[in-house]
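So the chains spell out like this:
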Amino acid sequence: MKRLVCFLIMIPLLGCGQAKKPNIIIILADDLGWGDVGFHGSEIMTPNIDQLAKEGVILNRFYTASICSPTRAGLLTGRYPDRFGLRETVIPPWSDFGVDTNEVFIPQILEKAGYKNRAILGKWHLGHSMLPYHPLKRGFTHFYGHFNGAIDYFTHKREGELDWHNDYESSYDKGYATDLISEEAVKCIQKYSKESPFFLYVAFNAPHSPLQAKKVDLLRYGFDETKPVFADNENADKSHKGNTKRQTYAAMVSNMDDGIGKILQVLKELKIEDNTIVLFQSDNGAGEAASSGELRGHKYQEWEGGVRAPAIIKWPNGFKGSRQIEQVMGYIDVMPTLCEVAGIKDMPKNPFDGSSMLPILKGKKYQTDRNLYLGNGAMVNNNWKLLLMSGANPRTKLKEDMLFDMASDLVEKNNVLADNMKIYTDLKEIIKPFEFIKASKQVPPKEEGQKGFKAPKEWKINGSLK
């Protein structure tokens, strides 16, 4: 009888042991600026993101690439996008470029750790010209969203063709793109929670241009129908626009925040919140009509406003929340961190550039020394930031090499290079190998191939995806 009692007690414990791996949700905003969230003092209403910041860990020095596709690629591989030729620009609709299929993506490695359901919802932007680039060929088990960036939020078209998909098929779902992505995320969580653990990559296209918002969201910010709406040019479609760009942008951000709230709420309702990792971040700095807040610069630049993203992570079962950390970390650290979380030992043959930040998040370490390459002659660590004229992005508009003391000057006001020559020369040596990375294939300039391009019908890959 004693043995039977012990066995019965052990059954639920064994079940718990099998379910210890957390669910993982990555929520990626598109072109959201540092100064566009309430917890950074924005006038834009983001109550759900702010609540996540209150309960989770604010990653105050979280870095990305300065533009979209490179960040998404580095996030999913743990490697600098320079290694597969994707640093200078995004992948435009007319490009045949895609991330090298030899690169291993997060869902491919999580599959080995028992994550049966692995979905991407929203914007892909990592290659669409041939089937091997399709999300379902890169480890995801479900795809709902669009291949290209900058789609119309209401028609879901890019270059005049429908770019909205459900797995391999075109989707004719009607509605505002941000809402559809949020609703699909809730559906997936409800379905997958019965087969935990699961991985969701919720890649919103909001608040990226085109600036289009629902009337109900515009009204939150004082939209006046009796007054003119903004227009990008004389021939621009003026529907779904507010009186100003900023008003429209704010409405888009708040709508996305609503969707994030729905995702967080369903986790609570299903009682899986405690063992779910939620990472929220932007893919780069402030885009059109966005704000960098106190930071210098914006998207396309290696100034802090272009590469330092609002970011939060929460995992109640894994580490203490309600705090802020100053450790330099970023997009390339996500995959190595998740590998450690999932207990993955068999790592990809291509070594990570990122590092697991789990010891920092768990409080086992306060800080770790590391140099994070920002691309285009830029590097940052916990104490310093280096910007070099050689190899610099022209949009950063450097007139000289610059060194900043990040402990006292996070807004990059004072070039202290002359007083810190040894630090400067040491960092120049450290950055040198990264500046010489050359991939076998490079994404072509954004304009190449644009003239005369005609999009495939409903963005089918080679006419048929099967």
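Not measured: the values here are computed from a predicted model.

Enquirer: Help me understand the overall build of the protein, please; the structure alone is not making it clear to me.
Expert: Helix and strand counts for the protein stand at 11 helices and 19 strands. Projected onto its principal axes, the C-alpha positions of the protein cover 80 × 60 × 45 Å. Within the protein, residue pairs in contact and separated by at least 24 positions form 71% of the contacts whose partners lie at least 6 positions apart. As displayed, the protein offers around 19900 Å² of accessible surface, 52% of which is attributable to carbon and sulfur atoms. Between the averaged position of the 61 positive side-chain charges in the protein and that of its 57 negative side-chain charges there is a distance of 5 Å.

Enquirer: What is the right way to read the pattern of salt bridges from this model?
Expert: Side-chain pairs of opposite charge can arise whenever the charged atoms involved come near each other. What the rule picks out here adds up to 27 salt bridges. Here Arg83 ties to Asp353 by a salt bridge, and the two come within 2.8 Å at their closest N and O atoms. Here Arg83, found in the loop between helix H3 (68-77) and helix H4 (106-111), pairs with Asp353, found in the loop between helix H9 (334-342) and helix H10 (358-361); they are 270 residues apart in sequence, far enough to count as distant. Asp353 sits in the buried class, given a relative accessible area of 18%. In this structure, Lys112 engages Asp346 in a salt bridge whose closest nitrogen and oxygen atoms are separated by 3.9 Å.

Enquirer: Would you explain the confidence of the model for the protein in this entry?
Expert: As a note on interpretation, predicted positions should not be read in detail where pLDDT is low. Summary statistics for the protein give a mean pLDDT of 93 and a share of 94% for residues scoring 70 or more. Under a pLDDT of 50 for its full length, residues 1-19 has, in the predicted model, 1 contact with residues more than four places off or in other chains.

Enquirer: How do you make sense of empty space enclosed by the protein when you look at a structure like this?
Expert: Rolled over the atoms, a probe sized like a water molecule indicates the empty space that remains. This structure, assessed with the given rule, holds 2 cavities of 30 Å³ or more. Roughly 140 Å³ of internal volume is contained in the largest cavity. Looking at the largest cavity, it is lined by 16 residues, and the ones nearest its centre are Leu279, Ile313, Val334, Thr337 and Leu361. Elements with a contribution of two residues or more to the lining of the largest cavity: strand E1 (23-29), strand E11 (276-282), strand E15 (329-330) and H9.

Enquirer: Honestly, the layout of surface pockets in this entry has me stumped. Any pointers?
Expert: Its boundaries defined by the atoms lining it, the largest pocket holds a volume of some 570 Å³. Along the walls of the largest pocket sit 32 residues, with Val90, Lys299, Tyr300, Arg395 and Lys446 positioned nearest its centre. As a volume, the second largest pocket reaches approximately 410 Å³. The element best represented in the lining of the second largest pocket is helix H11 (residues 421-435), accounting for 6 residues.

Enquirer: Can you walk me through helix H2 (residues 47-55) in this structure?
Expert: Every α-helical turn comprises 3.6 residues, leaving residues that sit three or four positions apart pointing alike. Taken together, the buried positions of H2 are occupied by Ile49, Leu52 and Ala53. Each buried residue of H2 lies within a common arc of 100 degrees when the element is viewed along its axis, so the set occupies one face. Relative to its buried face, H2 has exposed residues pointing more than 90 degrees away, namely Pro47 and Lys54. The inward-facing, buried residues of H2 contact strand E2 (57-59), helix H7 (245-269), E11 and strand E13 (311-314).

Enquirer: Which parts of the structure should I look at to understand the sheet that holds strand E19 (residues 402-405)?
Expert: As a general point, the strands of a sheet are linked pairwise by backbone hydrogen bonds and lie either parallel or antiparallel. Overall, antiparallel pairing links the 4 strands, which are arranged E16-E17-E18-E19 in an open sheet. Whereas interior strands pair on both sides, the edge strands pair on one side only; in this sheet they are strand E16 (372-375) and E19. On average, each strand axis in the sheet is tilted by 15 degrees relative to the strand beside it, whichever way the strands run. Note: strand E17 (residues 378-380) against strand E18 (residues 384-387), 3 bridges, orientation antiparallel. Within E18, the position partnered with Val380 by the bridge is Lys385. Helix-sheet contacts for H11 involve E16, E17, E18 and E19, and the interaxial angle to E18 is about 60 degrees.

About the cut-offs
Residues numbered from 1 in each chain as written. Predicted model: local features only at pLDDT ≥ 70, side-chain atom pairs only at ≥ 80, totals over all residues. Heavy atoms only, no water. Helix = DSSP H or I, 4+ residues; strand = E, 2+ residues; numbered from the N terminus. Contact = heavy atoms within 4.5 Å. Areas by Shrake-Rupley, 256 points an atom, 1.4 Å probe, with all protein chains shown as cover. Lys, Arg positive; Asp, Glu negative; His and termini not counted. Charge placed at Lys NZ, Arg CZ, Asp CG, Glu CD. Salt bridge = Lys/Arg side-chain N within 4 Å of Asp/Glu carboxyl O. Buried < 20%, exposed > 50% of the residue type's maximum accessible area, 1.4 Å probe, protein only. pLDDT = per-residue confidence, 0-100. 1 Å grid on protein atoms, 1.4 Å probe; cavity = no way out; pocket = protein on both sides within 12 Å on 5 of 7 lines; lining within 4 Å. Points joined across faces, edges and corners; volume = space filled by probe spheres on them. Arc of directions from axis to C-beta. Pairing = 2+ DSSP bridges. Axes fitted to C-alpha atoms, helices over the stretch in contact; angles between N-to-C directions.

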